[in-house]
Amino acid sequence: MQISRTLRRRSREIGVTERYTSQEMLASEFRSASSSKLPVHAMLSQARCSSWLAAAQTPFASRGYAISVKPAKILPGKKLPRVFKDKKAYQYSWYRRILDGSKDGPLLILHHDQFSANRLVQLRRDIAVASNRAAPSLASADISATPQPQPLLTFIRTSIFGAALRDFPGINLAEVSTMIGESTGNFVVLSLPSFHPPQLSAILRALERTVPARPPKTPEEIKKAQQEKNADPETPGRRVKRQRRVLDPELKLMGALVEGRVFLPQGIKDVSQLPTLDTLRAQIVGLLSAPSMQLAGVLSQASGGQLARTLEGLKKGLEEDAAASGTGAAPPSS
């Protein structure tokens, strides 16, 4: 009973990602100690030191999958198209709704790493503030008086999202594969309710400001990190002091989907610098009305006194032409 309680307590202390491995190690240590007929307190001490040393040397386990848009393989006994069930079916339909929303507003695809809960809350808050600050005006013809939805930040499951991308009609999968590349790990999508370039630009600036880009590591830093990774523990055989992991968040813009088209990071930044729809309409109206305004200006200049002077000048010109022609036609005197 005492051994079982110790196993459960030690597994909770080591962590969820290493629970099962640590339990097996602890059980093995207890079995070896029991075979040597050691006292209970000696068995606990020996197993405790070994488990802590193994936990310190065990690398951090994380899932690293990519968003794959390659055609699914037909496995024996399986049929296409694949039909998801239960939780996967809900996620698939949810991702399809998000992709359908990209026809109305941009869908940003981001890669994130080492985010804590507090940093995620801060990121969502900064996105909401930037969105409200540059939101479309209610006076616009396309914006109703009802409150507009906020940008939605969604953490995705890469395998299910890849299946939803493959089934999304009208999308260029080759461009999507170029956009994602070989990046693996954690992905998140940010869906905007409408296409408004100033709002998109403000959100991109908020992302860069909240999570600045990591500076590239120097060769000395890489060498030092490798040496620390391969170094032996300072006090072998003793319990390693637990240290809180220092998180260095990273957020990278992979690309975006806008009205069914795929944009790379530089392309979506160029799109964010476009003028608003109201500005474009005003420019088009100005171009169309320019010839009529010029004609109206010419007619207004020829009206009133200017028209009278113009006609008077034309009359004098005709009289002079008539006099010159009459003089030249008179017969010579004999």
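Residues numbered from 1 in each chain as written. Predicted model: local features only at pLDDT ≥ 70, side-chain atom pairs only at ≥ 80, totals over all residues. Heavy atoms only, no water.

**Some remarks on the side chain of S131**
Our working definition: A helix here means a DSSP run of H or I that spans at least four residues, while a strand means a run of E at least two residues long, and both kinds are numbered starting from the N terminus. A contact between two residues is defined here by any heavy atoms of the two lying within 4.5 Å.
Tracing the backbone through its elements, the reader meets S131 in helix α5 (residues 117-133). Not counting chain neighbours up to four residues away, the residues in contact with S131 comprise Q150, P151, Q199 and I203.

**Comments concerning helix α7 (residues 173-180)**
Since the α-helix advances by 3.6 residues per turn, residues separated by three or four positions end up pointing in the same direction. Here is the rule: Relative accessibility decides the category of a residue: with a 1.4 Å probe and only protein chains considered, values under 20% of the type maximum give buried, values over 50% give exposed, and everything between is partly exposed. In this context, the arc is that of the directions from the helix axis out to the C-beta atoms. Distance and chemistry together define a polar contact, namely a pair of N or O atoms within 3.5 Å, with one atom able to donate a hydrogen and the other to accept it when in protein, and with adjacent residues in sequence counting only for side-chain atoms on both sides.
All of the buried residues along α7 are V176, M179 and I180. Within α7, the buried residues cover an arc of 90 degrees as seen down the axis, which keeps them to one side. Every exposed residue of α7 that faces more than 90 degrees away from the buried side is listed here: A174 and T178. In the core, the buried residues of α7 are packed alongside β1 (107-113), α6 (158-166), β3 (186-191), β4 (250-258) and β5 (261-263). The backbone nitrogen of A174 lies 3.1 Å from a side-chain oxygen of the residue at the head of α7, namely N172. Backbone geometry just downstream of α7 places G181 in the positive-phi region, at approximately 65 degrees.

**Some points on the side chain of H112**
Among the secondary structure elements, H112 is positioned in strand β1. H112 has contacts with F155, N186, F187, V188, E250 and L251, leaving out every residue within four places of it along the chain.

**Regarding the layout of surface pockets**
Empty space among the atoms becomes apparent when a probe as large as a water molecule is rolled across them. Here is the rule we go by: Lining residues are those with an atom within 4 Å of a point, where the points come from a 1 Å grid over the protein atoms alone and group into cavities, where a 1.4 Å probe fits but cannot get out, or pockets, open sets with protein on both sides within 12 Å along at least five of seven lines. Grid points are joined across faces, edges and corners, and a volume is the space filled by probe spheres set on the points. In the scheme used here, Gly and all other residues not listed as nonpolar or charged are polar, with Ala, Val, Leu, Ile, Met, Phe, Trp, Tyr, Cys and Pro taken as nonpolar and Asp, Glu, Lys and Arg as charged.
One number sums up the size of the second largest pocket: a volume of about 770 Å³. For the second largest pocket, the lining is made up of 25 residues, of which A72, L80, R82, F84 and R166 are closest to its centre. Put simply, the parts of the chain that give the lining of the second largest pocket at least two residues each are α4 (86-100) and α6. Within the lining of the second largest pocket, the residues separate by chemical class into eleven nonpolar, four polar and ten charged.

**Points about the pairing of β1**
Note the threshold: A pair of strands is treated as paired once DSSP finds two or more bridges between them.
Taken across its seven residues, β1 has six buried, putting it largely inside the fold. Bridge analysis of β1 against β3 gives six bridges, and the strand direction is antiparallel. Opposite L110, over in β3, you have V188 as the bridge partner.

**Let's talk about a negative patch on the surface**
What counts here: Two joining distances apply to patches: 9 Å for like charges and 5 Å for nonpolar side chains (Val, Leu, Ile, Met, Phe, Trp, Tyr), and every residue must have over 30% relative accessible area and no salt bridge. Each accessible area is a Shrake-Rupley estimate made with a 1.4 Å probe; only the visible protein chains count as cover when residues are assessed. Any Lys or Arg side-chain nitrogen found within 4 Å of a carboxyl oxygen on Asp or Glu counts as a salt bridge. Charged residues are defined here as Lys and Arg on the positive side and Asp and Glu on the negative side; His and the ends of the chain fall outside this count. Charge positions come from single atoms, namely NZ of Lys, CZ of Arg, CG of Asp or CD of Glu.
Side chains of E312, E319, E320 and D321 sit close together on the surface and give a patch of like negative charge. Position of E319 relative to the elements: it lies in helix α12 (residues 305-329).

**Points about the packing of α4 against α6**
Note the threshold: Angular values range over 0 to 180 degrees, each being the angle between N-to-C directions of two axes fitted as lines to C-alpha atoms, with helices fitted over their stretch in contact. Angle categories: roughly parallel below 35 degrees, roughly antiparallel above 145, roughly perpendicular from 65 to 115, and oblique for all the rest. By definition, turning the near helix anticlockwise from the far helix through less than a right angle yields a left-handed crossing, and turning it clockwise yields a right-handed one.
Two numbers describe how α4 lies on α6: the axes approach to 9 Å, and their chain directions differ by 50 degrees. With respect to α6, the element α4 is oriented oblique. Crossing of α4 against α6: the hand is right-handed. The segment α4 lies against α6, with K88, Q91, Y92, Y95, R96 and L99 engaging I160, F161, A163, A164 and L165. Looking at side-chain class alone, the contact of α4 with α6 contains eight nonpolar, one polar and two charged residues.

**Considerations on the sheet that holds β5**
Judged by pairing direction, the sheet is antiparallel, and its five strands sit side by side in the order β2-β3-β1-β4-β5 without closing on themselves. Whereas interior strands pair on both sides, the edge strands pair on one side only; in this sheet they are β2 (152-155) and β5. In this sheet, neighbouring strand axes are inclined to one another by 25 degrees on average, regardless of whether the strands run parallel or antiparallel. Here β4 pairs with β5 via three bridges, running antiparallel. The partner of L257 across the bridge, within β5, is V262. Against the sheet, α5 engages β2, β3 and β4, with an angle of about 150 degrees to β2.

**With respect to the packing of α5 against helix α8 (residues 197-210)**
Contact geometry for α5 and α8: axes closest at 8 Å, N-to-C directions at 150 degrees. Taken together, the axis directions place α5 and α8 in an arrangement best described as roughly antiparallel. Note that α5 runs across α8; the crossing there is right-handed. For the pair formed by α5 and α8, the contact residues are R119, L123, D126, I127, A130 and S131 on the first element and Q199, A202, I203, A206, L207 and T210 on the second. Grouping the amino acids of the contact of α5 with α8 by side-chain chemistry returns seven nonpolar, three polar and two charged.

**Details of the packing of aromatic side chains**
The condition that has to hold: Pairing of aromatic rings covers Phe, Tyr and Trp, the last through its six-membered ring, and needs centres within 6.5 Å; plane angles under 30 degrees mean stacked, over 60 mean edge-to-face, and all others mean tilted.
Applying the stated rule across the entire model yields four aromatic pairs. Centroid distance W94 to Y95: 6.1 Å. Interplanar angle 25 degrees. Geometry classified as stacked.

**Remarks on the confidence of the model for the protein chain**
The test is simple: The pLDDT value tells you how sure the predictor is about a given residue, anywhere from 0 up to 100.
In this model, the protein chain carries an average pLDDT of 75, and 70% of its residues clear a pLDDT of 70 or more. Contacts from residues 10-26, a stretch scored under 50 in pLDDT, to residues over four places away or in other chains number 20 contacts. Overall, residues 40-62 carries pLDDT values under 50, and its contacts beyond four positions in sequence, including any with other chains, amount to 37 contacts.

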